[in-house]
Amino acid sequence: MLKTLLQLLGEDAPKFRRYVSMAVIYGLLSGLTIISLVPLLRYLLVGDISNTVIWLVVLLTGVLVCWRLRLRVEKAGIEVGIAILQGGRHRLGNHISQLPVGWFNSNNTARLSHVIFQGVMAIAQLPAHVFTPVFSSAMTPLIIVLSLFTINWKMGLIALLSIPLMGAVFIIAARLGQRVDQEFHRNTAETSQRIIEFSQAQSVLRAFNGEGKSTHFLEQAFDSQKKSSKRLILLSVISVILNAWMVQAIFATLMITALLSLNNSIGVIPTDTNNSDTLISIIISLLLVNRFVEPLLDVVGYAEAIRGARNQLKEVQDIFDIEPLPEPENPKFAQDNTLSLNGVGFAYPDNKRHVIRDVNLSITPGSMTALIGRSGSGKSTLLSLITRFSDVTEGSITMGGVDLRQMSHEQLNEKISQVFQTPYLFQSSIADNIRIGKPDASDAEIREVARLSGVTEIIGRLPQGVDTLVGEGGARLSGGERQRISIARALMKDAPILLIDEATAALDTENQAVITQTFARLRGKRTLIVITHQLSTIEMADQIVILERGCIKEKGSHDQLSISGGLYAHFLAQRNKVKRWKLGKL
Ligand SMILES: Nc1ncnc2c1ncn2[C@@H]1O[C@H](COP(=O)(O)OP(=O)(O)OP(=O)(O)O)[C@@H](O)[C@H]1O
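Residues numbered from 1 in each chain as written. Predicted model: local features only at pLDDT ≥ 70, side-chain atom pairs only at ≥ 80, totals over all residues. Heavy atoms only, no water.

## Concerning the pattern of salt bridges
Scanning the entire structure with this criterion turns up 18 salt bridges. Of the charged contacts, one joins Asp391 and Arg388 as a salt bridge, the two residues approaching to 2.6 Å between their closest N and O atoms. Across the pair, exposure class does not vary: Asp391 and Arg388 are buried alike. Residue Asp494 pairs with Arg526 through a salt bridge whose shortest N-O separation is 3.4 Å. (Salt bridge = Lys/Arg side-chain N within 4 Å of Asp/Glu carboxyl O. Buried < 20%, exposed > 50% of the residue type's maximum accessible area, 1.4 Å probe, protein only.)

Below, the structure written as structure tokens:
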């Protein structure tokens, strides 16, 4: 718990240490102020007015100092909370930005958003709202125990033994609900994810589940959340009762001990000074017992908040524990852009099956490679390994003879530009989305890449031209328009290696031709690795690679493969058949 808190705080950790020291001093002073009641009462009961006044002054001074210190502790706690909110989210963000891209599936994204918004907020509130009262409530009984020892050793011993006992019950009660608490948070994250999915997928749901079944997944999520929240409430009640019973049992034991001691003194007060002292001691002990039990009950009251926060911290720790892609300590610099895949194998972390197996491939600078293969054969995965979105699990990929794992993230990023299968546009203008590839691009440069990627036609049609806002994820544009803008963005980056995943799939024939011409122009200038089913693009490639179940089945030029009688020749025969069939239809 402490480790995660310090990790979240990073360089702000000294603020937390300062806060804890102040809170401990405050707790000690509160306890000492309370036990100043002991001499005060003693002098009052024996009628020693001058000493009573002295101790009354001590008590009032203690109360005043504690009040001032409490204000400062609260302020320090708020500062720690702010540091967690600001710095902690930032540090989590930094860590997340280094995680393998494959980690970001919808489940993990929902979990992440839950942790960043609710989790970090709950943790930030801990110092001011939970730790301060808990620290002082935990310190006070310790000091009272010491005082009780000097007055009535039996009661002191019982109080002393009760502290570890109380601690053990507290931990058991906290563990009782811990698993359910975690389940509850997981279900809450799942429900949030389902709600987002439900609103985003309205068209699909209405098209396929017109009879009211469209809420099925959502209802399932609500149901699981309801069940876990019921279990959580039940276990919370049980743990509160358990803790409260324990405190009451300690209180009862101390009271019985006091009564037994009192029994020995009854009836002898007026005559025997010793017994009179004993009676005064017992009265004072009873007061201390009361002050001993009160803070323990306060701590019990915070048990739920502590357990909840502990789980939130565990969620944060789980995210910190995910290994980022390792960065080399002394990065090496790739002298040229030759790519070499040497016995590459890869399995996604949640699935031990290798989806890429023993891939050996050499890609020379300025060449064009077409990756083809059935759906699921591993084409996109292979591209993601070249960009180092994930690390290979077998073999190596080198650039200019340097293993990608030895290159800095920045250097690799400078070398590669990419067009994704599902383009994502940011909620901004077309120009801003293209400029992501080169933030300082001039208007003329934007016009040029717009021409090369067929975006000029889109800009010409829209009233605000290049400044038209594209909506969330590009929602105001068609799939083909989004695709063309993402191509413009990739071209704008001007990196020597360009990876293109099904860039023309969503385009009409006219725009497909524009993009194919652009690829033709880029040949020899940039290394192109293209996933495509477009024959005109495939034919253009210097090297065609056919993947099947993660392995390279064939590789060579169009001329070589078309006469080899293999898969590529079969693919060409199929295309010709379809073409003839289409012509026949016409
Ligand atoms: N994030 C992931 N986690 C686990 N398995 C995955 C993940 N992404 C892809 N796969 C699996 O890896 C295999 C290869 O997928 P990949 O997307 O690379 O194929 P592809 O050839 O690009 O397919 P398509 O042409 O349909 O895009 C598939 O069996 C797929 O189910």
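## Observations regarding the site of the ligand
With respect to spatial proximity, 14 residues lie near the ligand, and among them Ser375, Gly376, Lys379, Ser380 and Thr381 are the closest. The separation between an oxygen atom of the ligand and a polar main-chain atom of Ser377 is 3.1 Å. At 2.9 Å from an oxygen atom of the ligand is found a side-chain nitrogen or oxygen belonging to Gln421. Surface burial for the ligand is 67%, taken as the share of its 630 Å² of free accessible area covered by protein chains. When its residues are assigned to classes, the shell around the ligand shows two nonpolar, seven polar and five charged. (Near = heavy atom within 4 Å. Polar contact = N/O pair within 3.5 Å; in protein donor to acceptor, adjacent residues only side chain to side chain. Areas by Shrake-Rupley, 256 points an atom, 1.4 Å probe, with all protein chains shown as cover. Nonpolar A, V, L, I, M, F, W, Y, C, P; charged D, E, K, R; others polar.)

## A closer look at unusual backbone geometry
The phi torsion at Asp494 lies on the positive side, around 55°, for a residue other than glycine. In this structure, Asp494 sits in the loop between helix 17 (479–492) and strand 7 (497–501). Even without glycine at this site, Arg549 takes up a positive phi of about 45°. As for its position among the elements, Arg549 is in the loop between strand 9 (543–548) and strand 10 (551–556). (Helix = DSSP H or I, 4+ residues; strand = E, 2+ residues; numbered from the N terminus.)

## Considerations on a nonpolar patch on the surface
A surface patch of nonpolar side chains, about 600 Å² in accessible area, is lined by Ile172, Ile233, Val237, Ile241, Leu242 and Trp245. For the nonpolar patch, the leading source of residues is helix 9 (residues 216–265), giving five residues. Mapping Ile233 onto the fold places it in helix 9. Residue Ile233 is classed as exposed on the basis of its relative accessible area of 55%. (Patch = residues over 30% accessible without salt bridge, like charges linked within 9 Å, V, L, I, M, F, W, Y side chains within 5 Å.)

## Topic: the packing of helix 2 (residues 13–35) against helix 4 (residues 49–97)
Look at helix 2 against helix 4: their axes get within 9 Å of each other, and the N-to-C directions meet at 160°. Between helix 2 and helix 4, the angle falls in the class roughly antiparallel. In the crossing of helix 2 with helix 4, the sense of the turn from one axis to the other is left-handed. (Axes fitted to C-alpha atoms, helices over the stretch in contact; angles between N-to-C directions. Parallel < 35°, antiparallel > 145°, perpendicular 65-115°, else oblique. Left-handed = near helix turned anticlockwise from the far one by under 90°.)

## Quick look at the sheet that holds strand 1 (residues 339–347)
Consider a sheet: its strands pair through backbone hydrogen bonds, and that pairing is either parallel or antiparallel. The strand order 2-1-4-5 describes an open sheet built from four strands, whose pairing is antiparallel. At either margin of the open sheet sits one strand with a lone partner, and together these are strand 2 (354–363) and strand 5 (402–403). Two strands pair when backbone bridges link them, and strand 1 and strand 4 (residues 394–399) are joined in this way by five bridges, in the antiparallel orientation. If you follow Leu339 over to strand 4, its bridge partner there is Met399. Docked against the sheet, helix 12 (residues 379–386) engages strand 1, strand 2 and strand 4, running at close to 120° with respect to strand 1. (Pairing = 2+ DSSP bridges. Contact = heavy atoms within 4.5 Å.)

## Considering the packing of aromatic side chains
To describe a pair of aromatic rings, one takes the distance between the centres and the angle between the planes. This structure, assessed with the given rule, holds eight aromatic pairs. Measuring from centroid to centroid gives 4.9 Å for Phe346 and Tyr348, while their planes differ by 80°, and the two rings are edge-to-face. The class for Phe346 is buried, based on a relative accessible area of 2%. Taken together, a centroid distance of 5.9 Å and an interplanar angle of 35° make the contact between Tyr568 and Phe571 tilted. With a gap of three residues between them, Tyr568 and Phe571 both fall in helix 21 (residues 567–585), about one helical turn apart. Both residues of the pair, Tyr568 and Phe571, count as buried. Counting every residue linked through ring pairs, the aromatic cluster contains Phe16, Tyr19, Phe131 and Phe135. (Phe/Tyr/Trp six-rings, centres within 6.5 Å; stacked < 30°, edge-to-face > 60°.)

## What to know about the sheet that holds strand 9
In space, the six strands of this open sheet follow the order 6-7-8-3-9-10, with mixed pairing throughout. The two strands at the open ends of the sheet, each matched to only one other strand, are strand 6 (416–419) and strand 10. The average angle at which neighbouring strand axes cross in this sheet is 15°, direction not considered. Summarising the sheet, strand 3 (residues 368–373) and strand 8 (residues 527–531) pair through four bridges and their orientation is parallel. Counterpart to Leu371 in the pairing with strand 8 is Ile531.

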